[in-house]
Amino acid sequence: MSSSSDAPFGRVVTAMVTPFTADGSLDADGAARLAEALVEQGNDGLVVNGTTGESLTTSDAEKDTVLRAVLEAVGERASVVAGIGTSDTVHTVELARAAEKAGAHGLLAVTPYYSKPPQAGLVAHFTSVADATGLPVMLYDIPGRTGTPITTPTMLRLAEHERIVAVKDAKDDLVAASQVLAATDLVYYSGTDALTLPLLAVGAVGVVTVAGHVCGPGIAAMVAAHAEGRVAEARRIHHELLPVLTGLFRTQGVILAKAALALRGLPAGPVRPPLVDATAEEVEQLRRDLAAAGLPVDGS
């Protein structure tokens, strides 16, 4: 497992898609091959069964299968973090325990979505998850999807738990992130690809990325340059990659990530409904975005 005390889950952690076969069935062999390719391309961590892994449409058994496949393929070379977030605390705890049993290195727990719990509910939920296993937990703060932010006072309270060690920040509030970083030992990862460099500037250690599917080496170079004080170089790489860091999100990130992987001949397959695969026009725009960032369009 690749990790360090200041970056417990790695620095470039790709939120991996879940490959499916043409008929929509789970492609566990494809997941293993994709994980190997991503690690070879500079990702030192992977999130499995996150939103980009279409966790809302995979069964618990499928989640366990893909997690075990990825762990067997790359678990000795990269951190493998299991997405276990649901809107139900009991179910989330069950998934956390299953992930620990499978051998996951950590857990990614998103704010319960749609039900919009009060902050006291978030404290109870995340504490239950962190108490359920011996694994380190990364909180996922993405109010644009869940409807509920993890407020700064709540984050400070959760930081007191010994196993809540990190945050995937997609709240896109640099002031709030700075306040938490100044007051706690929580490790921050950018959860918005285009804002990785600004978040690094206020103290983040890396990124949980969708773009890592196609430009892992560039993201790794940017993170390393910033960490080593080569700020101008990090900024240059950020600007160079920006067409992809933004373009992948013209529609749902997993849709275009799978389209990009298909262009490169890597395992991906279709998305499951209610998502729909990229249109021909979206694929052509994706090609232009990749070319604008100086990235190969076809082939691996």
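Residues numbered from 1 in each chain as written. Predicted model: local features only at pLDDT ≥ 70, side-chain atom pairs only at ≥ 80, totals over all residues. Heavy atoms only, no water.

1. A word on the UniProt feature "site: Part of a proton relay during catalysis" (unreviewed entry) in the protein
Going by this rule: UniProt positions are given in the numbering used here, feature names are shortened, and annotations may be inferred rather than shown by experiment. Runs of E in the DSSP output that reach at least two residues are strands. Runs of H or I that reach at least four are helices, and both are numbered from the N terminus. Accessibility here uses a 1.4 Å probe with only protein chains present; expressed as a share of the type maximum, an area under 20% marks a residue as buried, one over 50% as exposed, and anything in between as partly exposed. In what follows, a contact means two residues having at least one pair of non-hydrogen atoms within 4.5 Å.
Within this numbering scheme, the UniProt entry marks T51 and Y114 as carrying the feature "site: Part of a proton relay during catalysis" (unreviewed entry). With respect to the secondary-structure elements, T51 resides in the loop between β2 (45-48) and α2 (60-74). The exposure class assigned to T51 is partly exposed, which follows from its relative accessible area of 31%. Excluding anything up to four places from it in sequence, T51 contacts Y140 and R145. Along the chain, Y114 falls in the loop between β4 (106-110) and α4 (119-132). Since its relative accessible area comes to 78%, Y114 is described here as exposed.

2. Looking at helix α10 (residues 231-247)
Selection rule: Here a helix's expected span is defined as the number of its residues, less one, multiplied by 1.5 Å. Here the bend at a residue means the angle between the axes of two seven-residue stretches, the one that ends at it and the one that starts at it.
Look at α10: 24 Å from first C-alpha to last across 17 residues, which is about the 24 Å you get at 1.5 Å a residue. A maximum bend of about 55° is found in α10 at L241, where proline P243 lies one to four positions downstream. Residues of α10 that are buried: A234, I237, H238, L241, V244, L245 and G247. Check the buried side of α10 and you find it contacts α8 (196-201), α9 (212-227), α11 (253-263) and α12 (280-292).

3. Focus on the packing of aromatic side chains
As a reminder, the rule being used: Here is the rule: rings of Phe, Tyr and Trp (six-membered ring for Trp) pair when centre to centre is within 6.5 Å. Planes less than 30 degrees apart are stacked, more than 60 are edge-to-face, and the remainder are tilted. Two conditions define a charge located above a ring, namely a distance within 6 Å from the ring centre to NZ of Lys or CZ of Arg, and an angle within 35 degrees of the ring normal.
Within this structure, the stated rule accounts for one aromatic pair. Above the face of the Y140 ring, K168 is positioned so that its terminal group lies 3.9 Å from the ring centre. The side chain of R272 reaches across the aromatic face of F20, ending 4.1 Å from its centre.

4. Considering the packing of α2 against helix α3 (residues 89-102)
For the record, the criterion: For helices, the fitted line uses only the C-alpha atoms of the stretch in contact; every axis is such a line through C-alpha atoms, and the angle between N-to-C directions lies from 0 to 180 degrees. Each angle gets one of four labels, with under 35 degrees taken as roughly parallel, over 145 as roughly antiparallel, 65 to 115 as roughly perpendicular, and the rest as oblique. In a left-handed crossing the near helix is turned counterclockwise from the far helix by less than a right angle, and in a right-handed crossing that turn is clockwise.
Axis separation between α2 and α3 bottoms out at 10 Å; the angle between their running directions is 30°. With respect to each other, α2 and α3 are oriented roughly parallel. Considering only the axes of α2 and α3, their crossing is right-handed. Counted together, D60, K63, D64, L67, R68 and L71 of α2 and H91, L95, A98, A99, K101 and A102 of α3 form the full contact between these two elements.

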